[in-house]
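As a plain string of letters, each chain reads:
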2 protein chains.
Amino acid sequence: MTSSTSPTSSDSTQKPPAKDPWDLPDVSGLVVGVLGGTGDQGRGLAYRLALAGQKVIIGSRAADRAETAARELGLGVEGADNATCARRSDIVIIAVPWEGHAKTLEALREDLAGKLVVDCVNPLGFDKQGAYALKVEEGSAAQQAAALLPDSRVTAAFHHLSAVLLQDTSVEEIDTDVMVLGESRADTDLVQALAGRIPGMRGVFAGRLRGAHQVEAMVANLISVNRRYKAHAGLRLTDV
Amino acid sequence: MTSSTSPTSSDSTQKPPAKDPWDLPDVSGLVVGVLGGTGDQGRGLAYRLALAGQKVIIGSRAADRAETAARELGLGVEGADNATCARRSDIVIIAVPWEGHAKTLEALREDLAGKLVVDCVNPLGFDKQGAYALKVEEGSAAQQAAALLPDSRVTAAFHHLSAVLLQDTSVEEIDTDVMVLGESRADTDLVQALAGRIPGMRGVFAGRLRGAHQVEAMVANLISVNRRYKAHAGLRLTDV
């Protein structure tokens, strides 16, 4: 391989040098909204991101419930109804229960227009044998979000986090990688950078949205792992 | 919680102490067959298991191809046609290409009767955007194997291993966990123990066969990871 000596080289067959995949943007000034921020996963993420210095707004169907949760968290976290939360945020994490996923997103299509949406919802069922992955018509929760939000930039991430560890104030580091999926590198880079703000976490690009189902469904396996080993399992990618 | 003071306690409501999930059986004396052992994944697994001291038989449709591959590996590895390989082995790893999966297993139903079968096949498609998970009527390759082999004990494991690393003789340790799925704890314990014989590897129980699809499909994401980071990614479970 030869390297370019001039940025204005007219050799059109010459590729630019590959971008360092760990060269991620600064997201410290962005406002992060968490829809479903009064649930365990959403509240835990809101806490960790606020603790890392991010401006966080919790969204809920009822503004007063969001405001109460925000007050309990402190750290400058605010609470608002879902639509206000979406409009005021640059990045919006979707942490609502799967049962309300489609309905919630449909109602917020305009509020979420232009936003970077991060879906972390895991469509799971439970029976006597534990958790199992639900079939989703669009393929995954993230692909359903992309279908319902044509004017948003939809990514998927933060699926494998233990809500227990996220909310445990005695836990200083969350020992896990965060698989980030999306169609645009600019968007997945932003989400990776956001994950990387939380001590112990690392955001790793893990493919396009069509690969989201198995990332969401893997939570069922982690629940089996947690039962057998009395653990709060996370995932690390090795050799990366 | 009170602890039992007598092993012959007549209190029928008292549960036995939970078995240590890391108390795994000795599998060093078992013969391991690898169907599809002339392919990259099969050959790599055969090499690592033989190197760890396991008696390994490589199976292939043509006995002479299996024998050639076995001779190349050395380490006491033998080669045989698939049926002979299956009959002579205690544990049989299925490492055939997905395209030949159903047909191969159907033909070996009797040879695999009573055997502990370990399916490590990943049903994937490839296009310009990379790898993607194929839909499997039975849910997953492992569930297809279970449906086709009613007289075998079917488990799933060894999906996330890099065939490149497995076959690289300069690599001494494979830094990854092996998710093991199955219906019977006795069987998954044996497969976990087998994985644990390879330096660096650890077998971790990760649920029943109904959770195999996402484990198989996750290989598509690992291929995306490998492309972006020029890596041979594996997976570790944290907090376990």
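Located above this text is the structure these notes cover.
All figures in this text were calculated on a predicted structure; none of them were measured in a lab.

A.B. asks: What is the right way to look at the overall build of chain A in this model?
C.D. replies: Along chain A, the regular secondary structure elements total eight helices and eleven strands. Over its C-alpha trace chain A gives a radius of gyration of 19 Å, about what one expects of a compact globule, namely 18 Å for 240 residues. On the principal axes, the C-alpha backbone points of chain A span a range of 60 × 40 × 40 Å. Long-range contacts, defined here as pairs at least 24 residues apart, represent 71% of the contacts in chain A between residues at least 6 apart.

A.B. asks: Could you clarify how one ought to interpret the interface of chain A and chain B in this entry?
C.D. replies: Size of an interface: often given as the accessible area lost when the parts come together. The partner chain B presents 44 residues to the 44 residues of chain A that form the contact. Summed over both sides, the interface between chain A and chain B buries roughly 3,600 Å², with carbon and sulfur atoms accounting for 56% of that surface. When the buried area of chain A at its contact with chain B is split by residue, R210, R228 and Y229 of chain A rank highest and sum to 21% of it. On the surface where chain A and chain B come into contact, there are two salt bridges. A salt bridge links D127 of chain A to R210 of chain B; the nearest nitrogen and oxygen atoms lie 2.9 Å apart. The interface formed by chain A and chain B holds 21 residue pairs in polar contact (both at pLDDT 80 or more) in total. Looking at the side of chain A that touches chain B, the elements that each hand over two or more residues are β7 (130-133), β9 (176-182), α7 (185-196), β10 (201-205), α8 (212-229) and β11 (234-238) of chain A. Counting residues per element, the side of chain A that touches chain B draws most heavily on α8 of chain A, at twelve residues.

A.B. asks: Looking at this model, I keep getting lost on the sheet that holds strand β9 (residues 176-182) of chain B. Mind explaining?
C.D. replies: Backbone hydrogen bonds are what pair the strands of a sheet, in a parallel or an antiparallel way. Residues and elements named next belong to chain B. In spatial order, the strands read β3-β2-β1-β4-β5-β8-β9-β10; together these eight strands make up an open sheet with mixed pairing. Each edge of the open sheet carries a strand with a single partner, namely β3 (78-81) and β10 (201-205). Taking each pair of neighbouring strands and ignoring which way they run, the sheet shows an average axis angle of 30°. Here four bridges tie strand β4 (residues 91-94) to strand β5 (residues 116-119), and the two strands are oriented parallel to one another. Bridging from a neighbouring strand, V92 pairs with V117 of β5.

A.B. asks: Just checking my understanding: could you explain the layout of surface pockets for this structure?
C.D. replies: Empty space among the atoms becomes apparent when a probe as large as a water molecule is rolled across them. Residue and element names in this part refer to chain A. Estimated volume of the largest pocket: approximately 1,000 Å³. If you list the elements that add at least two residues to the lining of the largest pocket, you get α1 (40-51), α4 (101-107), β6 (124-127), α6 (163-167) and α8. In terms of residue class, the lining of the largest pocket is built from 17 nonpolar, 16 polar and five charged.

A.B. asks: What's the story with the nonpolar core in this structure? I'm lost.
C.D. replies: One recurring pattern in soluble globular proteins is that nonpolar side chains are buried together. Residues M179 of chain A together with M179 of chain B are the most contacted members of the largest nonpolar core, which totals 78 residues. Counting residues in hydrophobic clusters, the runner-up holds 37 residues, among them A50, I91, L165 and V178 of chain A.

A.B. asks: Would you mind going over the packing of α1 of chain A against helix α2 (residues 63-73) of chain A with me for this structure?
C.D. replies: Axis angle and axis distance: for two packed helices, these are the angle between their axes and the distance between the axes, and together they describe the pair. All names here are of chain A. Contact geometry of α1 with α2 gives a least axis separation of 11 Å together with a crossing angle of 45°. Relative to α2, the element α1 lies oblique. Once α1 is placed against α2, the crossing between them reads as right-handed. Counting all contacts with α1, which are made through R43, A46 and Y47, the residues of α2 involved are A69, E72 and L73. Broken down by class, the residue content of the contact of α1 with α2 amounts to four nonpolar, no polar and two charged.

The rules behind these values
- Residues numbered from 1 in each chain as written.
- Chains lettered and ligands numbered in written order.
- Predicted model: local features only at pLDDT ≥ 70, side-chain atom pairs only at ≥ 80, totals over all residues.
- Heavy atoms only, no water.
- Helix = DSSP H or I, 4+ residues; strand = E, 2+ residues; numbered from the N terminus.
- Rg over C-alpha atoms; globule rule 2.2 N^0.38 Å.
- Contact = heavy atoms within 4.5 Å.
- Buried area = accessible area lost by both parts, 1.4 Å probe.
- Salt bridge = Lys/Arg side-chain N within 4 Å of Asp/Glu carboxyl O.
- Polar contact = N/O pair within 3.5 Å; in protein donor to acceptor, adjacent residues only side chain to side chain.
- Pairing = 2+ DSSP bridges.
- Axes fitted to C-alpha atoms, helices over the stretch in contact; angles between N-to-C directions.
- 1 Å grid on protein atoms, 1.4 Å probe; cavity = no way out; pocket = protein on both sides within 12 Å on 5 of 7 lines; lining within 4 Å.
- Points joined across faces, edges and corners; volume = space filled by probe spheres on them.
- Nonpolar A, V, L, I, M, F, W, Y, C, P; charged D, E, K, R; others polar.
- Core = buried A, V, L, I, M, F, W, Y, C linked by side-chain atoms within 4.5 Å.
- Buried < 20%, exposed > 50% of the residue type's maximum accessible area, 1.4 Å probe, protein only.
- Parallel < 35°, antiparallel > 145°, perpendicular 65-115°, else oblique.
- Left-handed = near helix turned anticlockwise from the far one by under 90°.

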